[in-house]
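Architecture and fold: a report
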Amino acid sequence: MVAPLTGGPDGAGSRDTGDRPRAVGSTDRTRVRRLPDLAVHDRATLHAVLDAGRVAHLAVVDGDQPYALPVAYARDGERVLVHGSTGSRLFRHLAAGAPACLTVTLLDGLVLARSAFESSMNYRCAMVLGTLAALTGEAKLAALHRLSEHLLPGRWAEIRPPSAKELAATLVLALPLDECSVKVGAGPPDDPEDDLDRPVWAGVVPVVEAYGIPQPDPRLRHDLPPPEW
């Protein structure tokens, strides 16, 4: 668990965060209202959450219909990069300046309490509001390089770079980290005292992400080892 809440042993996460400075990029729109003590107010934690994830949900309203797109992303300094097809209606809508909301959620554990009401999850979540700008030229290629290195470390130096046709078919968008919030839930169940005598196991079941055994492409023509991730 990175950036746990303050307090408890081993960083387990006291729910009492005390007085902390307002987050960089925090506004009234991103102020955490439900369980505000779980809000984390430092930019280092925002960066850590974004760096740990690979898939974001990018929400946008087209007409009177909201959509939430799962997208691969990468943080690049004080912005988030995403890419998609120039043929995507929603990506063109975003490139035109439609307001958007990007969220990244990392599930760290299932919190098994002695009641259904107190059972929950340990998680890290970042939300970013704003408008996205399309990148072009060298900035676009550099952004694709950054995306590749975040998602597939080391591959850019080994694989064929994008062709002019492929670049023309790809939209690369940048969302600045100007209006953000971070919320972290951590620690054991918060059962009330009168539930503690119930003969029910309680605690946290960690959830971890791991790579599986690489599966070679059946058409692989060279005897090469897989990436050492």
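Residues numbered from 1 in each chain as written. Predicted model: local features only at pLDDT ≥ 70, side-chain atom pairs only at ≥ 80, totals over all residues. Heavy atoms only, no water.

Okay, a nonpolar patch on the surface next. Judged by side-chain polarity, L107, L110, L112, M121, W201, V205 and V207 come together as a nonpolar surface patch covering roughly 590 Å² of accessible area. With three residues, strand 4 (residues 100-112) is the single largest residue contributor to the nonpolar patch. The class for L107 is partly exposed, based on a relative accessible area of 36%. (Patch = residues over 30% accessible without salt bridge, like charges linked within 9 Å, V, L, I, M, F, W, Y side chains within 5 Å. Areas by Shrake-Rupley, 256 points an atom, 1.4 Å probe, with all protein chains shown as cover. Salt bridge = Lys/Arg side-chain N within 4 Å of Asp/Glu carboxyl O. Helix = DSSP H or I, 4+ residues; strand = E, 2+ residues; numbered from the N terminus. Buried < 20%, exposed > 50% of the residue type's maximum accessible area, 1.4 Å probe, protein only.)

This next bit is on the layout of surface pockets. In this structure, the largest pocket encloses a volume near 460 Å³. Forming the walls of the largest pocket are 15 residues, and the residues nearest its centre are R155, L224, P225, P226 and P227. Here the residues of the lining of the largest pocket are counted per class, giving ten nonpolar, two polar and three charged. (1 Å grid on protein atoms, 1.4 Å probe; cavity = no way out; pocket = protein on both sides within 12 Å on 5 of 7 lines; lining within 4 Å. Points joined across faces, edges and corners; volume = space filled by probe spheres on them. Nonpolar A, V, L, I, M, F, W, Y, C, P; charged D, E, K, R; others polar.)

What follows deals with the pairing of strand 5 (residues 120-130). Two strands pair when backbone bridges link them, and strand 4 and strand 5 are joined in this way by eleven bridges, in the antiparallel orientation. Looking across to strand 5, one finds that G109 is bridged to N122. (Pairing = 2+ DSSP bridges.)

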